[in-house]
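# Chain and residue survey
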Amino acid sequence: MATLDSKIPSGPLEKKWEKHKFDSKLVNPANRRKYTVIVVGSGLAGASAAASLGEMGYNVECFCYQDSPRRAHSIAAQGGINAAKNYPNDGDSVQRLFYDTIKGGDFRAREANVYRLAEVSNSIIDQCTAMGVPFAREYGGLLANRSFGGAQVSRTFYARGQTGQQLLLGAYSGLCNQIAAGTVKMHPRTEMLDLVVVDGHAKGIIVRDMVTGKIEAYAADTVLLATGGYGNVFYLSTNAKGCNVTATWRAHKKGAFFANPCYTQIHPTCIPVHGDFQSKLTLMSESLRNDGRVWVPKKKEDCGKPPGEIAEEDRDYYLERKYPSFGNLAPRDISSRAAKQVCDEGRGVGSTKLGVYLDFSAAIKRLGENVIRERYGNLFDMYHKITGEDAYKVPMRIFPAVHYTMGGLWVDYNLMSNLPGLHVLGEANFSDHGANRLGASALMQGLADGYFVMPYTIGNYLTTQTGKKVTTDHPEFAKALEEVKARTEQLLAIKGKRSVDSFHRELGLLLWEKCGMGRTEQSLKEALAKIPQIREEFWKNVNVLGESNDLNQSLEMAGRVADFLEFGELMCLDALERRESCGGHFREEYQFPDGEAKRDDENFAHVAAWEYVGDIAKSVRHIEPLNYENVHLAVRSYK
Amino acid sequence: MSHQLNLTLKVWRQKNAGTPGKFVEYPAQNIPTDCSFLEMLDIVNESLVQQNIEPIAFDHDCREGICGMCSLVINGVAHGPERATTTCQLHMRHFKDGDTIYIEPWRVGAFPLIKDLIVDRNALERIQQAGGFISARAGGAPDANSVPIPKQNADAAMDAAACIGCGACAAACPNSSAMLFVAAKVSHLALLPQGQPERTRRALKMVKTMDSEGFGNCTNYYECEAVCPAEIKSSFISMLNREYVFAAARDSVSMI
Ligand SMILES: Cc1cc2nc3c(=O)[nH]c(=O)nc-3n(C[C@H](O)[C@H](O)[C@H](O)COP(=O)(O)OP(=O)(O)OC[C@H]3O[C@@H](n4cnc5c(N)ncnc54)[C@H](O)[C@@H]3O)c2cc1C
Ligand code: SF4
Ligand code: FES
């Protein structure tokens, strides 16, 4: 049986990273260019890693499926990025950011990783500022901060409502510098379809050129996956349409363990679903909860009335009522469940009754419309474009939606998977957010992994590989290439009756109902029975038109949906086996009388890392125990 | 409140750059006014698949107006009729029942067509790779508050930095000029103290690459500003012109 060695350095928490950096193996600058590093993904994690490694002198090949690396999904992040700078002098510190993140994750993340994240957070802000990221500033010229959920200090840096865009453009500009210098070769519109493993080590990838359809192999000394999250398994999510699980799922099938796939985050503030045609959901940044108050009518009868006609005393500001100390800034999992609860009670608003109000009238009265416009203008505009409503005049209507995935490929402290040579960064790995991610900490993690962790830890693997170079002439490459080609041809040959999209919607709806905000043993068993049926029908009845040697968007989607149809099963299996509620994973059987999540630390204070053994239903669940030496496991309270 | 529309689409279809393209007519039926323009195309594509007709290829990803991937000319206007709105954020409530809608790709010499409504915009990337960055190695940066930046400068830099790099400016320009894009990129960094050391080099190299990529000259039509979804102001073009003249002068002095 495989053992999971997290390689957490010994010594006191505050000294671990320092010690590990010192103990890590270095690659001599003159030798670096002899090593080829594949980076799949050009979001914050991938772009920062590729640029940094290129700068250090490695020979980098970087891939993304969009037409430009700067369009990676990180671009859509709105609200901000955390750091423990304590510029507002409100009591923040590395220790506090560490503790908030561990607690926010409902005590299901590794202490050492989270501490390191908090530790490097400040360097990220320095680095991004140096690269020209135009963070918001105060009149005195210093950087401004705002608050995000799960924290009582103001530690979030932001660039209007476009923080992800500005951070990615910053990382991309660094990447441009390296592309121009010739250290990074960029392959846009190129999709990774398989991982190549040689003698138990990840040594290359198989990709499809999305313009010409050509399927090709690339070899390297190590492969980095920074391919983002799998939220689109639910079909409707706040992710970009192209986000997929393909890269990580293919790696999983080649031996990489998938950790905690059931940890998915449902974000409380998104624009509600309004029709069957809907192709995606739009987030309204959590930062809005700094000034917006969440409420529903106290009485069911009032739900159909225009909000302005509902008197103050007939409104239930349920977050402020239930969580007086965090109020509207309660963490995401808690806020989402609270919204579901009031809607389940029949007090939801809007035509579908699946919505709650986010009301700015008090803030507008207090601060003036101009201040609110300055803070959130682009979000109000976006809301207007989508709904046709003016949120300066009527409250926004919001509802939870799938947003982020804490689960991902298992990695050790070096960010290396159990499969040697495979490193995983950003949302694609499982490492830092436990069972629930706090707002503004994904951007932090992506850039921490790429700028400040990977450049130090990559040497630990590469120095073991001297003289072990493989090329695409190795028979494993030809084999993987043939498999990918055969699968592509198979998809095109089915010529059934249903579109790819219709299968994706069917899977998504099933997962939302059975493995969404609330999960039960029964709902999960139902999903586990149904998913293989949908998958079987897909492989008999999908209609993928067009050709393989051409730009073919149906073919691209078909490959991704085929992988979601497999991955969804593992997600439900993991949710079934985790017989507790924690963070975003809410098993209805395990709750306190007041509806709060009930963890089972005795039996489940561990990471579940799944091994593929040829049949998803028989996947093997490995365990990495989580040892808490510095924080005390407690029931999370935001009251 | 949502209701439904029946529309006629005239869509540019072209197998690849080497094959001539043409407009093909498709009905778009029972389109809810709440859906976005791309969701309307999804509905049409779903019906094409049912008829075994290859779906219409178009670029998109985030569908929330920020990635800059969507790119359609709708009834002759890049990103369609709504001001400051990308195609993916354009909603069908802005159309009327019975409308005929022409849908075309960006038509710019420097953006070769790939298929149907998809073009290759790598020329924009090459402009940025020529100098659109600040060389700052990870790990060596000073404390972020060590250089205060007046709020109005930071705000102005952010106004420029908001460009989503979609290329609509070039698609709308009678000369196919990419000046607004380049102006946004150059101004963003020129307005910040961190951007000063490479300022001259950056402006010269980016403008030079813009020319060599085959984009046209700016002759002040301002069509770019009218279609720009990120509301980049044409005053940044004046700023780029000043940057360029200044940079060229500095450059010639340093050559002596
Ligand atoms: C709407 C929205 C708002 C958010 N707001 C915030 C926020 O305010 N603060 C915060 O901290 N976090 C926020 N998040 C979360 C955060 O943006 C993401 O978790 C983070 O950006 C992920 O970065 P990444 O680099 O891991 O992956 P991504 O940015 O998703 O990049 C993935 C990359 O992998 C490539 N790729 C994927 N699959 C393949 C394949 N098979 N082959 C080749 N290439 C592939 C893509 O092309 C892309 O380049 C938000 C998320 C969303 C959806
Ligand atoms: S300037 Fe405007 S139109 Fe031009 S690329 Fe940037 S966002 Fe698009
Ligand atoms: S699809 Fe991203 S801007 Fe339109």
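Residues numbered from 1 in each chain as written. Chains lettered and ligands numbered in written order. Predicted model: local features only at pLDDT ≥ 70, side-chain atom pairs only at ≥ 80, totals over all residues. Heavy atoms only, no water.

### Re the packing of aromatic side chains
For any two aromatic rings, the description comes down to two numbers: the centre-to-centre distance and the angle of the planes. Rule in force here: Pairing of aromatic side chains requires ring centres within 6.5 Å, counting the rings of Phe and Tyr and the six-membered ring of Trp. Pairs whose planes differ by under 30 degrees are stacked, by over 60 edge-to-face, and all others tilted. Secondary structure follows DSSP: runs of H or I at least 4 residues long count as helices, runs of E at least 2 residues long count as strands, and numbering of each begins at the N terminus. The buried label goes to any residue with under 20% of its type's maximum accessible area, the exposed label to any with over 50%, and the partly exposed label to all in between, with areas taken from a 1.4 Å probe on protein chains only. Any Lys NZ or Arg CZ that is within 6 Å of a ring centre and within 35 degrees of that ring's normal is treated as a charge sitting over the ring.
Scanning the entire structure with this criterion turns up 23 aromatic pairs over all chains. On the numbers, 5.1 Å between centres and 50° between planes, the contact of Phe258(A) with Phe567(A) is tilted. Taken together, the residues span a long stretch of sequence, with Phe258(A) in strand 10 (residues 258–259) and Phe567(A) in helix 16 (residues 553–577) at a distance of 309 residues. In this structure, Phe258(A) and Phe567(A) share a single accessibility class: buried. Three or more aromatic residues link up through ring pairs in this structure, and these residues are Tyr230(A), Trp249(A), Phe258(A) and Phe567(A). Stacked on the ring of Tyr413(A), the Lys or Arg Arg116(A) has its end atom at 4.1 Å from the ring centre. Above the ring of Trp12(B), the side-chain terminus of Arg107(B) is found at 4.2 Å from the ring centroid.

### Here's the deal with the sheet that holds strand 18 (residues 606–611) of chain A
Residues and elements named next belong to chain A. Put simply, the rule reads: DSSP bridges decide pairing: two strands pair if at least two such bridges lie between them. Whether two residues are in contact is decided by their heavy atoms, any of which lying within 4.5 Å being enough. Working convention: axes come from line fits to C-alpha atoms, limited for helices to the stretch in contact. Angles between N-to-C directions cover 0 to 180 degrees.
Spatially, the four strands line up as an open sheet ordered 16-10-18-19, and their pairing is antiparallel. Strands with a single pairing partner mark the edges of an open sheet, and in this sheet they are strand 16 (408–409) and strand 19 (620–625). The sheet contact formed by strand 10 and strand 18 spans two bridges and is antiparallel. Looking across to strand 18, one finds that Phe-258 is bridged to Trp-610. Running at roughly 145° to strand 18, helix 16 makes contact with strand 10, strand 18 and strand 19 of the sheet.

### Considering helix 3 (residues 44–56) of chain A
Count 3.6 residues to each turn of an α-helix, and residues three or four apart come out pointing the same way. All names here are of chain A. To keep things clear, this is the line we draw: By this rule, a helix spans an expected 1.5 Å times one less than how many residues it contains.
Here helix 3 spans 18 Å end to end across 13 residues, near enough to the 18 Å set by a 1.5 Å rise per residue. Within helix 3 the residues assigned to the buried category are Leu-44, Ala-45, Gly-46, Ala-47, Ser-48, Ala-49, Ala-50, Ala-51, Ser-52, Leu-53 and Gly-54. As for helix 3, its buried residues are in contact with strand 1 (36–40), strand 2 (59–63), helix 6 (163–181), strand 5 (184–187), strand 9 (222–225) and helix 12 (442–462). Phi turns positive, to about 110°, at Gly-57, one or two residues after helix 3.

### Overview of the site of ligand 2
Residue and element names in this part refer to chain B. The line we're drawing: One heavy atom within 4 Å of a molecule or strand makes the whole residue count as near it. Three classes are used, and their members are as follows: Ala, Val, Leu, Ile, Met, Phe, Trp, Tyr, Cys and Pro are nonpolar, Asp, Glu, Lys and Arg are charged, and the others, Gly among them, are polar.
For ligand 2, the set of nearby residues contains 13 residues, the closest of which are Cys-163, Cys-166, Gly-167, Cys-169 and Cys-228. Contributing elements (two or more residues each) for the shell around ligand 2: helix 4 (168–172) and helix 5 (179–190). A breakdown of the residues in the shell around ligand 2 according to their chemical character gives 11 nonpolar, two polar and no charged.

### Here we look at the side chain of Ser42(A)
Residue and element names in this part refer to chain A. You can see Ser-42 is positioned in the loop between strand 1 and helix 3. Given the relative accessible area of 3%, Ser-42 is considered buried. Contact partners of Ser-42, with chain neighbours within four places excluded, come to Ala-47, Cys-62, Phe-63, Cys-64, Pro-69, Ala-72, Leu-168 and Met-186.

### Digging into the site of ligand 1
Residues and elements named next belong to chain A. The cut-off we apply is this: Two N or O atoms form a polar contact when they lie within 3.5 Å of each other; inside protein one atom must be a possible hydrogen donor and the other a possible acceptor, and for residues adjacent in sequence the pair counts only when both atoms belong to side chains. Using the Shrake-Rupley algorithm and a 1.4 Å probe, accessible areas are obtained, with residue cover drawn only from the displayed protein chains.
If you check the shell around ligand 1, you find 39 residues, and the closest are Ser-42, Gln-66, His-73, Ser-74 and Glu-427. A distance of 2.8 Å separates an oxygen atom of ligand 1 from a polar atom in the backbone of Leu-443. Coverage of ligand 1 by the protein chains reaches 98% of its 1,000 Å² of free accessible surface. For the shell around ligand 1, the element with the most residues is strand 6 (residues 190–198), which contributes three residues. Looking at the shell around ligand 1 residue by residue, the class counts come to 17 nonpolar, 18 polar and four charged.

### Some details on the domain arrangement of chain A
All names here are of chain A. Quick note on the threshold: In this entry, domain limits derive from an automatic or database-based domain assignment. Once two parts are joined, some of their accessible surface, as seen by a 1.4 Å probe, is lost; buried area is that loss totalled over both. Salt bridges are identified by distance alone: a Lys or Arg side-chain nitrogen within 4 Å of an Asp or Glu carboxyl oxygen.
Segmenting chain A into domains produces domain 1 (13–192 + 404–462) and domain 2 (266–402). Each of domain 1 and domain 2 has a C-alpha centre, and these two points are 31 Å apart. Every contact between the two is made by 17 residues of domain 1 and, on the other side, 19 residues of domain 2. When domain 1 packs against domain 2, the two sides together hide about 1,400 Å² of surface, and 46% of this comes from carbon and sulfur. Seen at the junction of domain 1 and domain 2, the total is zero salt bridges. By residue class, the composition of the side of domain 1 that touches domain 2 is five nonpolar, 10 polar and two charged.

### Remarks on the domain arrangement of chain B
Residue and element names in this part refer to chain B. Looking at chain B, the domain boundaries give domain 1 (4–104) and domain 2 (122–252). For the pairing of domain 1 and domain 2, the buried interface totals around 780 Å² over both sides, and the portion due to carbon and sulfur atoms is 62%. For Arg-83, the salt bridge goes to Glu-231, with nearest N and O atoms at 3.3 Å. Across the side of domain 1 that touches domain 2, the residue classes tally to five nonpolar, five polar and one charged.

### Focus: the nonpolar core
To keep it simple, the criterion reads: Only buried Ala, Val, Leu, Ile, Met, Phe, Trp, Tyr and Cys residues count toward a nonpolar core, and they belong to the same one when joined by side-chain atoms within 4.5 Å.
By size, the foremost hydrophobic cluster in this structure holds 236 residues, and its most contacted members are Ile81(A), Leu195(A), Ile205(A), Met396(A), Leu422(A) and Phe215(B). Take this core: its biggest share by element is 13 residues, from helix 16 of chain A. Each residue touching Met396(A), except ones within four places of it in the same chain, is listed here: Met284(A), Leu288(A), Val356(A), Tyr357(A), Leu358(A), Phe360(A), Phe380(A), Tyr383(A) and Ala391(A). Leu5(B), Ile31(B), Leu41(B) and Leu90(B) belong to the second-largest nonpolar core, a separate cluster that totals 29 residues.

### A closer look at the pattern of salt bridges
Pairing is possible between side chains of opposite charge, provided their charged atoms come close. Enumeration according to the criterion identifies 74 salt bridges over all chains in this entry. For Arg321(A), the salt bridge is made with Asp316(A), and the minimal N-O distance between the two is 2.9 Å. Owing to a relative accessible area of 51%, Arg321(A) belongs among the exposed residues under this scheme. Asp550(A) is the salt-bridge partner of Lys15(B), the closest N and O atoms lying 3.0 Å from each other. Placement of Lys15(B) in the loop between strand 1 (4–13) and strand 2 (22–32) and of Asp550(A) in the loop between helix 15 (521–541) and helix 16 is noted, with the two residues assigned to different chains. Relative accessible area serves as the criterion here: at 37%, Lys15(B) is assigned to the partly exposed category. For Asp550(A), a relative accessible area of 8% puts it in the buried group.

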